[in-house]
Structure formats: C-alpha cells, structure tokens
Amino acid sequence: MATDNSQHTVLVVDDVPVNILLVKGMLAKQKFNVISANSGQQALDILTHEQPDCILLDILMPNMNGFETTRAIRANMSHEIRTPLNAILVSTDA
C-alpha cells in the first residue's frame, strides 16, 4: 500500500537550479508537496508564511550558507510553534 504524502510539505533550498529540479522530481513522485528557495534569505522569507514538515537545505550556498540559514531559522522560530525543525543539510562536494 502506497503512503499518502500529499499532506506533507518539503522546503528544498539550494542555489543550484538543477539540484532543486532533481529533488523536486524525486519528491513529487512520492506525492509530497514541494516548495523551493534558491537562497537562505529566500527560505527565511518563505518561512514567514509557510510551515513545511521538512527542510532539505544545501550547506554550501553564497551569502548565507546552510548553517547560517539554520541558525536564522531557529532564532526566528516562534515559541508557539511546537513542530520540530527537521532540517537535512546536504552537499554534493566531497
């Protein structure tokens, strides 16, 4: 029996457009709702009006890297929000 992921939203954050397309394609096949941002700042802007269940976050981005973005997200989280921040920091560089 297939899992219904349509109630779950994933925020994909990466400065490389092809990476976003690849991840969005894989998640869409599993029926997740996917939103994307191409920078840490854009992710912060999105999080002012969206509350994703999971964040897939590139760690190597210009201006605001994944670690800085994570710190900013945690600093801006409302104390009323009970949903844990589930972030996966990813990098294709070895």
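The structure under discussion appears in the preceding block.
**Side note on the environment of Asn-65**
Stage number 1. Along the chain, Asn-65 falls in the loop between strand E3 (54-58) and helix H3 (66-76).
Stage number 2. According to the relative accessible area criterion, Asn-65 is partly exposed, its value standing at 22%.
Stage number 3. Sequence spacing of Asn-65 and Gly-40 is 25 residues, and the spatial spacing of their C-alpha atoms is 6.7 Å.
Stage number 4. Among the polar contacts listed, one links the side chain of Asn-65 to the backbone nitrogen of Phe-67, at a separation of 2.9 Å.

**Overview of the pairing of strand E2 (residues 33-37)**
Stage number 1. The pairing of strand E1 (residues 9-13) with E2 spans 5 bridges and is classified as parallel. Bridging from a neighbouring strand, Thr-9 pairs with Asn-33 of E2.
Stage number 2. The parallel pair E1 and E2, bridged by helix H1 (residues 17-29), forms a crossover whose chirality is right-handed.

**Regarding unusual backbone geometry**
Stage number 1. The backbone of Lys-31 sits at a positive phi, close to 70°, despite the residue not being glycine.
Stage number 2. Checked against the element boundaries, Lys-31 lands in the loop between H1 and E2.
Stage number 3. Residues other than glycine seldom take positive phi values, yet Asn-63 does so here, at roughly 70°.
Stage number 4. Looking at the secondary structure, you find Asn-63 in the loop between E3 and H3.
Stage number 5. Assessed through its relative accessible area of 82%, Asn-63 is described here as exposed.

What counts and what doesn't
- Residues numbered from 1 in each chain as written.
- Predicted model: local features only at pLDDT ≥ 70, side-chain atom pairs only at ≥ 80, totals over all residues.
- Heavy atoms only, no water.
- Helix = DSSP H or I, 4+ residues; strand = E, 2+ residues; numbered from the N terminus.
- Buried < 20%, exposed > 50% of the residue type's maximum accessible area, 1.4 Å probe, protein only.
- Polar contact = N/O pair within 3.5 Å; in protein donor to acceptor, adjacent residues only side chain to side chain.
- Pairing = 2+ DSSP bridges.
- Right-handed = clockwise from strand over helix to strand, strands pointing away.

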